[in-house]
Structure formats: C-alpha cells, structure tokens
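Close look at the chain arrangement
The primary structure of each chain is shown beneath.
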Amino acid sequence: MKKFIRCGKLFDGANPAIYSDQTLVVEPDGTIGFVGPSHAAPRPESGDETIDYFQWFVMPGMIDAHVHLSYGNTQSAEQIDLYSPVEFRALRGLEGAQRMLAAGYTGIADPSTTGLVSLAIRDAIDAGLFVGPRISTAGRAILTAQGVDYFYPRWVRMPEHSVGFLMRDVSEGIAEIRQEIKDGVDFIKLAVDGDQLVAGTGLISGMTQEEVTALVSEIHRLGRKVAVHARGAEGIRYAARAGVDFILHASWMDEEGLEWALKNKCALCPTLSLIINTIEFTRPADPAYAFVPAQQRELEAAIENLSRAKAAGVPFMVGSEAGFAVTPYGEWPARELEYYVKYLGFTPAEALISTTAVNARILRDSDRLGTLAPGKLADLIAIDGNPLDDITILQDRSRIKAIRIAGEPVSVALNDRPRRTWYETGARFWEEVYTRDRVNRR
Ligand SMILES: [Zn+2]
C-alpha cells in the first residue's frame, strides 16, 4: 500500500523554495517514490491511502545534532555521572528522546553518553520496542587530564560510568576508540578543549596537535566520523587541521581555524542555546549565576567568529545541547534556529536546511535522510504556519500537526509532570554552615 500525502506547502530541505500544492508518494518500504506538483503526480490505486495535509507546511523532520540523552536535564556536573544508576539513565533518556520527537525532531545525535546508554536507547527504538527518533550516538568523550569534562579531583579520578574517558596518552585514547567502535558507536567524540581560560582566545587545548591528529586518523581508518568539542581557538585549529567531521561550539574560531575548516570541509555545530539560555534563565540563587558574565563574553566572540564562518561558506549543523537544566529535552531545541537567524546571518530557509539536510550527515543512513526527494526516507513533519515567515513558530508544539518516520505516523504520550527520584539530585542537606554566629544572626 502506498501513501499519497497532499501538501499545501512543501519545503524539501534541499533548496530554499516553497512549493505549493504538492503530492508526496510514500512507497510501502517508507521511501519516497514521488514528490512534485499534484497535477503531475501518479494517481492512487485502490487500497492506497490518501492523507490530507493541504492546510499545512510540510518539511523534513528536524534533526538535533547535539543532545545528551544520559544527562537527564542535569543541574550539576556531578549529577551527570554519579548518583543515578546507569540503568535508570537509559530509561530516563528514552523519555528524553521521546520529548525531542514530540517537538518535531525525527533524528538526534548524542555526542557523549554514559556506559552504553544512548546505544541501548537507539537499539530499542530501532527494534520497534518503543517510539522514538532516529538516534546516532558516540560513546564516552575522550579527553586528557586537562580536558574540560574532567571535573573530578585526583583522589576520585574519572568514575567508570562518567560521560568521559580519561586518556593518559594517545595509546590509551586509541584503545578506547577501538573498544567504542566494537561496542557499536556511530561516531567518536573527542573533548579537545582544556579547562584553562585565556582572554580573547578561549580555552587552551587539552591535547596537542599530534595527539588530535593521531586519534582522528585512527577513527577515520576504522570508518567512523569524529566530532570534537572545541570552544577555544587552539583546539579548533587542531581539530580543523586534523580534518575532523564536526566541530561542536567553535566560539573562538580564528582565521587559521576557519581556513582549515574550509579546506578540510569540517562542519560547525555552535550550540548557542546553552550559552543564551544560561544568560537569560539563570537567577541569582543559581550557582551558575557567577559565570553569566563569562558566558556573555563567549556569546559576543561566538557571534562575531561564527558569522564570519557562515559568510565564508563553512557548513553549519544545528544542535541545542538538550539535557541540561537550562535546555530540557524537547523544550527549547528549535530556539537554536531563531538564534541562527537573529545572530549569525542565516535566512530562515538556510537555518531549516542546516537542521535537516546538513544535520543528516551525522545520522546513520545519512544519504537517505534530511531532504524530501525520491529515494529518501519519508521522515517529515506538518506545521500549522510558515516557518520561513516566522522561524519561532517551530518552538510551538501545538503547531506541529503531524510527525512521520519512514511515512508512518508517530505520536507520543508524555507525562506532564515527571518528578526527580531521590538519587538523581545528590544529597545536599543544608545550604549553610550553622555556626553560633550564623544562628545568632537569625
Ligand atoms: Zn555537549
């Protein structure tokens, strides 16, 4: 049985045009057999299904290239790694993935996970056990003792079920890469940034050029892609020179980094949402309030450097870093598109192409996703309104009228008010130390 979807307006993800009165034919295997003007479309035969999206704007399902399913909307660094059992993180992450799907995201990529959490979520969805988006995932992020995710003191070191793998030298990094690929990751994440901030250029790299180059060539030799976490100019240069596939953040990208990124066809995935949401949402009682001024400086640098990269023709992906308390799953992901238009010089159509066609690069089956064309998989959403007139409508879930993966309608029933279990938050008993002095001041 084929499906004939009549679309009032259609945006195919391949180019910036909007086509009116189109018909999209989905073959029984979920691929698109035809897409074009309704008058030129083949006719349905008896038994075929016709679907009327004549009132809606139909586009490829959105893809978020930066979601952390194991983080659980975390409020602290420790919460990511320490308190909840890995098994719980997998179940919680599945619900996070469903929230992303309900927001119009038929695909997501997870650049660092604990244990095999996101791999298990991916496989459970693929096996048809649960409804969810297509997932492409890395394993633990590989880093050094200078690395940005190594937030433990030496007497703890990196816990086994951290989202990071601490390598003491390149050979340990390469051993971890081989293990992760055997485990079934789709791509590898290197956390190249260090944690020492330098005015003007961001963070000192936590790895040398030689180390990054050696890790990247092993990853590519084994047929996987590589995403690098790099905000600082130095880490970005090392990553771009080593020819990585995806550079996450890239806030302090300099001229040399830009030249290498162009030459080696690296895509950037800035993730402004984490910075801007932190600036806008954080209140004085939040510990993160102390670093809002630093976030403001990073935002200014990022807007300047990334706008230059955009103008120079570097491909941009889109990721929201969902999984933190300021970027809860499914709540703000499409806001990243608004920031691309507002701050980085994107037209709404360019932002949509980034989150569909360009983001598809990070998914499995990348050649068959991201655009609506014959031979591609029919992952699509139907929207009430035209996001090319107003990109912010994609943030309004009530405007998402239908979501289809490989042509099949999907719907998720979400709980309105999920609670935190006792072990998710750690065990802080008192906010203050009650000395005689403090008690007498009451
Ligand atoms: Zn991240």
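Residues numbered from 1 in each chain as written. Predicted model: local features only at pLDDT ≥ 70, side-chain atom pairs only at ≥ 80, totals over all residues. Heavy atoms only, no water.

**Some thoughts on unusual backbone geometry**
With phi around 55°, Asn73 is a residue other than glycine that occupies positive phi space. Within the element layout of this structure, Asn73 appears in the loop between strand S5 (62–64) and helix H1 (77–81). Assessed through its relative accessible area of 19%, Asn73 is described here as buried. Look at Glu321: it is not a glycine, yet its phi comes out positive at around 55°. (Helix = DSSP H or I, 4+ residues; strand = E, 2+ residues; numbered from the N terminus. Buried < 20%, exposed > 50% of the residue type's maximum accessible area, 1.4 Å probe, protein only.)

**Topic: the sheet that holds strand S6 (residues 105–110)**
An order of S5-S6-S7 is seen for the 3 strands of this open sheet, with the pairing classed as parallel. Of all strands in the sheet, those with a lone pairing partner are S5 and strand S7 (134–137), marking the two edges. Averaged over all pairs of adjacent strands, the angle between strand axes in this sheet comes to 15°, irrespective of strand direction. Note that S5 and S6 share 3 bridges and pair parallel. (Pairing = 2+ DSSP bridges. Axes fitted to C-alpha atoms, helices over the stretch in contact; angles between N-to-C directions.)

**Here we look at the environment of Leu69**
Inspection of the secondary structure puts Leu69 in the loop between S5 and H1. C-alpha of Leu69 to C-alpha of Arg89: the two residues are 20 residues apart in sequence and 8.1 Å apart in space. Once residues lying within four places of it in the same chain are set aside, the contact partners of Leu69 are Arg89, Gly93, Gly96, Ala97, Ile108, Asp110, Ser118, Ile121, Ile135 and Tyr329. (Contact = heavy atoms within 4.5 Å.)

**A closer look at the sheet that holds strand S3 (residues 32–37)**
Here we have 7 strands laid out as an open sheet, ordered S3-S2-S1-S4-S16-S17-S18, and mixed in their pairing. Strands with a single pairing partner mark the edges of an open sheet, and in this sheet they are S3 and strand S18 (408–409). Bridge count for strand S17 (residues 400–405) against S18 is 2 bridges, and the pairing is antiparallel. Looking at the pairing, Ile405 lines up with Glu408 of S18.

**Structural notes on the pattern of salt bridges**
This model, assessed by the stated rule, comprises 26 salt bridges. The partner of Asp379 in a salt bridge is Arg134, and the shortest N-O contact between them spans 2.5 Å. Taken together, the residues Asp379 in the loop between helix H11 (348–358) and strand S16 (380–383) and Arg134 in strand S7 connect sequence positions 245 residues apart. With relative accessibility at 6%, the residue Asp379 sits in the buried group. In this structure, Asp254 and Arg237 form a salt bridge, with 2.6 Å as the shortest nitrogen-oxygen distance. Residue Asp254 is found in the loop between strand S14 (246–249) and helix H7 (255–263), and its partner Arg237 is found in helix H6 (residues 233–241); the two are separated by 17 residues along the sequence. Among the residues examined, Asp254 registers a relative accessible area of 23% and is labelled partly exposed. One continuous salt-bridge network, built from bridges that share partners, spans Arg122, Asp123, Asp126, Asp186 and Arg364. (Salt bridge = Lys/Arg side-chain N within 4 Å of Asp/Glu carboxyl O.)

**Topic: the packing of aromatic side chains**
As enumerated under the stated definition, the model contains 11 aromatic pairs in all. Taking the centre distance of 5.3 Å and the plane angle of 85° together, the rings of Tyr71 and Phe324 count as edge-to-face. Here the residue Tyr71 occupies a position in the loop between S5 and H1, and Phe324 occupies one in the loop between helix H9 (292–312) and helix H10 (335–343), the gap between them amounting to 253 residues. Taking relative accessible area as the criterion, Tyr71 reaches 5% and is therefore assigned buried. With a centroid separation of 6.5 Å and 85° between ring planes, the pair formed by Phe187 and Phe246 is classed as edge-to-face. In this pair, Phe187 is assigned in strand S10 (residues 187–191) and Phe246 in strand S14, connecting sequence segments 59 residues apart. Through successive ring pairs, a cluster of aromatic residues spans Phe88, Trp422 and Tyr423. (Phe/Tyr/Trp six-rings, centres within 6.5 Å; stacked < 30°, edge-to-face > 60°.)

**Brief notes about the coordination of the zinc ion**
At this site the zinc ion is bound by His66 (NE2), His68 (NE2) and Glu321 (OE), with donor distances of 1.8 to 2.1 Å. Motif for the zinc ion, donor spacing along one chain: H-x1-H-x252-E. The exposure classification of His66 matches that of His68, with both residues buried. (Donors = N, O, S within 2.8 Å, 3.2 Å for Na, K, Ca; no water.)

**Details of helix H4 (residues 170–183)**
The terminal C-alpha atoms of H4 lie 20 Å apart, and with 14 residues this matches the ideal 20 Å at 1.5 Å per residue to within 8%. Within the span of H4, buried status applies to Gly173, Ile174, Glu176, Ile177, Glu180 and Ile181. What you see down the axis of H4 is that its buried residues fit within an arc of 160°, all on one side. On the buried face of H4, the contacting elements are strand S8 (141–143), strand S9 (164–166), S10 and helix H5 (209–221). (Expected span 1.5 Å × (residues − 1). Arc of directions from axis to C-beta.)

**Let's talk about the pairing of S7**
Pairing analysis gives 4 bridges linking S6 to S7, with the strands arranged parallel. Bridged to Ala109 within S7 is Ser136. Viewed along the sheet, the connection from S6 through helix H3 (residues 117–126) into S7 turns out right-handed. (Right-handed = clockwise from strand over helix to strand, strands pointing away.)

By themselves, these are just geometric observations and shouldn't be taken as functional.
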